[in-house]
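Structure at a glance
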Amino acid sequence: MEPIIKIENVTKKFPEGEGEFVALKNINLEFQEGEFSGIVGPSGSGKTTLLNIIGSLDQPSSGNAWVMDKNVAELSHKESAQLRNLHLGFIFQVYNLLPVYTVFENVEFALLLQNKSKEERRKAVMQALEWVGLENIPNKKPSKLSGGEGQRVAIARAMVKEPKIVLADEPTANLDATNAHAIIQTMKKLNEELGTTFLFSTHDEKVMQYLNRIIHLKGGEVEKDEIITAQNPKS
Amino acid sequence: MKLAFQLAYKNLVGAGLRSWLNVGILAFTFIVIIFFNAYLDGWNLQAQRESIKWEYGHGQLRHQDYDPLDPFSINEAHGKLNTPLSENLTAVLIQQASLYPEGRMVSILMKGIDSDQKILELPTEAFAKSDANIPALIGKRMASSNKLEVGDQLLLRWRDKNGTFDATEITIIEIFETDVTSVDAGQIWIPIERLWNMTGLKGEATYFIASEKYSHSPVDKWYYKSQAELLKQLQEIIEMKSASSSILYFLLLGIALLAIFDTQVLSIFRRQKEIGTYIALGMTRWQVVQLFTVEGSMYSILASIVGTIIGIPIFWYFSTYGIGMPDYVTQQDMGVTIAQRIYPAFTIGLIMGTIALVVLSATIVSFIPSRNIAKMDPVDALKGKVQ
Ligand SMILES: Nc1ncnc2c1ncn2[C@@H]1O[C@H](COP(=O)(O)OP(=O)(O)OP(=O)(O)O)[C@@H](O)[C@H]1O
Ligand SMILES: [Mg+2]
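Every residue gets a number counted from 1 within its own chain, in the order that chain's sequence is written. The order in which chains are written sets their letters, starting at A; the order in which ligands are written sets their numbers, starting at 1. Local features in a predicted model are, by the rule used here, given only for residues with pLDDT of at least 70; side-chain atom pairs are given and counted only at 80 or more, and totals for whole chains, interfaces and linings are based on all residues. For side-chain calculations, the full set of non-hydrogen atoms in the structure is used, while hydrogens and water are omitted.

Take the overall build of chain B next. Of the regular secondary structure elements, chain B holds eleven helices and eleven strands. Here the C-alpha coordinates of chain B stretch approximately 95 × 45 × 30 Å along the principal axes. Relative accessible area decides the class of each residue, using a 1.4 Å probe on protein chains only: under 20% of the type maximum gives buried, over 50% gives exposed, and in between gives partly exposed. Scored against the burial criterion, the 387 residues of chain B give a buried share of 53%. Partitioning the contacts of chain B with sequence separation of at least 6, the portion at a separation of at least 24 is 77%. For every accessible area listed, the method is Shrake-Rupley and the probe measures 1.4 Å; residues are considered covered only by the protein chains on display. Surface exposure of chain B reaches about 18,400 Å², of which carbon and sulfur atoms provide 59%. With 33 positive and 37 negative side-chain charges, chain B shows a separation of 13 Å between the mean positions of the two kinds. Numbering of helices and strands runs from the N terminus; a helix is a DSSP stretch of H or I covering at least four residues, while a strand is a stretch of E covering at least two. Here, two residues are considered to be in contact whenever any of their heavy atoms come within 4.5 Å of each other. Two residue types count as positive, namely Lys and Arg, and two as negative, namely Asp and Glu; His and chain ends fall outside the count. In plain terms, the charge of a residue is placed at NZ if it is Lys, CZ if Arg, CG if Asp and CD if Glu.

Rendered as structure tokens:
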């Protein structure tokens, strides 16, 4: 099967002072549809940089990143926006909810961009809120939410359009253990039910125990690519 | 675009006090601009109407030497029309003279006009009813500045066409009220036949006032000012007099726009993560630019709505009851017609035009900083690192 994400000799350099800093060195990776995998590594190892390239928010300095058969480096602003809008969901460490919108409206946002009808939107939003267990508080403002609730809204927002790929950059870093487990289990369930491909960046042990595959990154290089054979994670 | 409006509205309302401050300043500016322009239009309309009634008629056929702004040439600027006198023209002859109220000497213009004229509002029919030797009409400014009353008799001194001094008594038979100072201050109106006799200038005129039926064909030694030309001059004077005040409202608009600009710059800086999030959610940079621009122009749309709602009762009140002009403005000869009460003319066109001005300028002002969003790196924006 064609991989849904294919990273080919990707190098990313940032200008730094007079010279440049190499954040990713000649990375080669493939991800199949439906994977539940994570990139782990120490701070500064290039996890976020790699996710941003896959999310077409950033471009590789050299090499190619294919996401759903599209070469990220060759997309126009409009095409990459289209790719993100239709097929990519983002979950951030800080939830990045839009403060003036309610929970419902935050989740609805992506669908507004897709010009979905009001009824379609309402159905999909309520479904997504149900997935994350927030169907009871659609009208709350983000400032009134707990951290766990906030991140669940962010998951609902990423999932509402049923994207092919969800990119989650340290989604549990600001959560306590209970919430971290709850969140990751929610995502795991969605992965199994909808077949969505999840790619995490994390240093959280709690996250790692759920992953099917762990890619160890160090100094911008893949140190180890580890396939985890099915095992029941402890909760 | 519709989405941008919905989002912008939510963001604006969500931002609370700061938004309403901007809306408030802009709404105030909006009302001031409309009010000021309506006041000018009202002044202009009233001045035009009054000037037609009291001074211009439907145009003036003037002697080639007559320049209303030059007091030194006025005595010589007269002549006979070498075509048969049309019944559609009313002759006015102007001569300088001195009047002696209470022993003081006042230089004045005496204006002779046909008693039968129907073109101007001047109550010249009173001439016929009076048996005074020289009956005179004066305006209330002339009356108050020289403490004159109906029935007063006073000495008038003038030169005839040969330059010989002559003097006689005139009688004030009526004091008329007009907003048009240029037919009032420093002058008396007397029957033109008397003036012809007094000066020996039989049949001569300084200018003729045209009636509606008059149609002009060029006459040697005379020039014609149509009503439209005369009104245009009047309007120019009014606009010139008000130019300094219009600086005020441009200043106000400037301040309001600056407040929006400032809000935009700050809001783009503070909301980087939000901008990054929009892009991550699949908006193009230009959509985000559009969103922020619409947000800025939304201030002006809200301001127009708020301004109209607050403004309507104010506009209604003043257009009904008018604005009283202080006496020092209306009593003196300001060189321009100004009514005792000015009724501002609030028109749909004026309000729409002001809405357009305010919305357009606010949109431009919010677009300028928003444009930079297009250059933002979404990754930096998400980190909140854009400088
Ligand atoms: N815009 C940039 N300019 C310069 N250097 C950058 C930039 N973005 C990232 N870097 C550098 O690239 C390296 C990798 O950054 P990245 O954010 O991918 O690390 P990370 O693995 O996500 O770390 P963390 O776990 O702390 O989030 C870091 O050393 C960082 O300083
Ligand atoms: Mg990171």
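Residue and element names in this part refer to chain B. Only the stretch in contact is used when a helix axis is fitted, and all axes are lines through C-alpha atoms; the angle between N-to-C directions ranges over 0 to 180 degrees. Where helix H8 (residues 285-321) meets helix H10 (residues 348-370), the axes come as close as 8 Å, and the angle between the chain directions of the two elements is 150°. Looking at the two axes, H8 sits roughly antiparallel to H10. Considering how the two elements wind past one another, H8 and H10 form a crossing that is right-handed. Every residue of H10 that contacts H8 at Trp 286, Val 289, Phe 292, Thr 293, Gly 296, Ser 297, Ser 300, Ile 301 and Ser 304 is listed here: Ile 355, Val 358, Val 359, Ala 362, Thr 363, Ser 366, Phe 367 and Ser 370. When grouped by side-chain class, the residues that make up the contact of H8 with H10 number nine nonpolar, eight polar and no charged. Throughout, the term roughly parallel applies to angles under 35 degrees, roughly antiparallel to angles over 145, roughly perpendicular to angles from 65 to 115, and oblique to all others. For a crossing to be left-handed, the near helix must be turned anticlockwise from the far one by less than a right angle; the clockwise case is right-handed. When residues are sorted by character, Ala, Val, Leu, Ile, Met, Phe, Trp, Tyr, Cys and Pro go into the nonpolar class, Asp, Glu, Lys and Arg into the charged class, and all the rest, Gly among them, into the polar class.

Residues and elements named next belong to chain A. Two strands pair if DSSP finds at least two bridges between them. As summarised here, the arrangement of the four strands in space is S2-S1-S4-S5, forming an open sheet in which the pairing is antiparallel. With partners counted over all chains shown, the strands left at the sheet margins are strand S2 (19-31) and strand S5 (70-71), one partner each. Bridge count between strand S4 (residues 62-67) and S5: two bridges; the pairing is antiparallel. Directly across from Trp 66, in S5, lies its bridge partner Asn 71.

As a further point, take the interface of chain A and chain B. Of the residues lining the interface, 22 residues belong to chain A; the matching set on chain B comes to 22 residues. Summed over both partners, the accessible area (1.4 Å probe) lost when two parts come together is defined as the buried area. Together, the buried faces of chain A and chain B total about 2,000 Å²; carbon and sulfur atoms form 69% of this surface. A pair is scored as a salt bridge if a Lys or Arg side-chain nitrogen falls within 4 Å of a carboxyl oxygen belonging to Asp or Glu. The tally of links from chain A across to chain B stands at one salt bridge. Its salt-bridge partner being Glu 105 of chain A, residue Lys 10 of chain B comes within 3.2 Å of it at the nearest N-O pair. Pairs of N or O atoms within 3.5 Å make up the polar contacts considered here, provided that, within protein, one atom can donate a hydrogen while the other can accept it, and that residues adjacent in sequence are counted only when both atoms are side-chain atoms. Scanning the region where chain A abuts chain B turns up four residue pairs in polar contact (both at pLDDT 80 or more). Breaking the side of chain A that touches chain B down by element, the ones donating at least two residues are helix H2 (77-87) and helix H3 (103-113) of chain A. A total of five residues in the side of chain A that touches chain B trace back to one element, the largest contributor, which is H2 of chain A. Taken together, the residues of the side of chain A that touches chain B break down into twelve nonpolar, four polar and six charged.

Turning our eyes to something else, we now look at the packing of aromatic side chains. Remark: the centre distance and the inter-plane angle together describe each pair of aromatic rings, the angle taken between the planes. Ring pairs shown here join Phe, Tyr and Trp side chains whose ring centres sit within 6.5 Å, with only the six-membered ring taken for Trp; geometry is labelled stacked below 30 degrees between planes, edge-to-face above 60, and tilted in between. As enumerated under the stated definition, the model contains 20 aromatic pairs over all chains in all. With a centroid separation of 6.1 Å and an interplanar angle of 20°, the aromatic rings of Phe 198 of chain A and Phe 200 of chain A are classed as stacked. Of the two residues, Phe 198 of chain A and Phe 200 of chain A, both sit in the buried class. Here the aromatic residues Phe 35, Phe 315, Trp 316, Tyr 317, Phe 318, Tyr 321 and Phe 346 of chain B are joined through ring pairs into a cluster of three or more. Over the ring of Phe 31 of chain A we find Arg 213 of chain A, and its NZ or CZ is 4.6 Å from the ring centre. The lysine or arginine in question, Arg 157 of chain B, covers the ring of Phe 165 of chain B, its NZ or CZ lying 4.2 Å from the ring centre. We call a charge positioned over a ring when the NZ of a Lys or the CZ of an Arg lies within 6 Å of the ring centre and within 35 degrees of the ring normal.

In the structure shown here, the tally under the stated rule is 15 salt bridges over all chains. Salt-bridge contacts for Asp 204 of chain A lead to Lys 206 of chain A; the nearest nitrogen and oxygen are separated by 3.2 Å. Lys 53 of chain B serves as the salt-bridge partner of Glu 50 of chain B, at 3.6 Å between the closest nitrogen and oxygen. Residue Glu 50 of chain B and its partner Lys 53 of chain B are located together in helix H2 (residues 17-56), separated by three residues, close to a single helical turn. Looking at Glu 50 of chain B, the relative accessible area reads 15%, which means it is buried. Judged by relative accessible area, Lys 53 of chain B falls into the partly exposed class, the value being 33%. One salt-bridge network, held together by shared partners, links Glu 35, Arg 213 and Asp 225 of chain A.

Read these as spatial facts, not as claims about activity.
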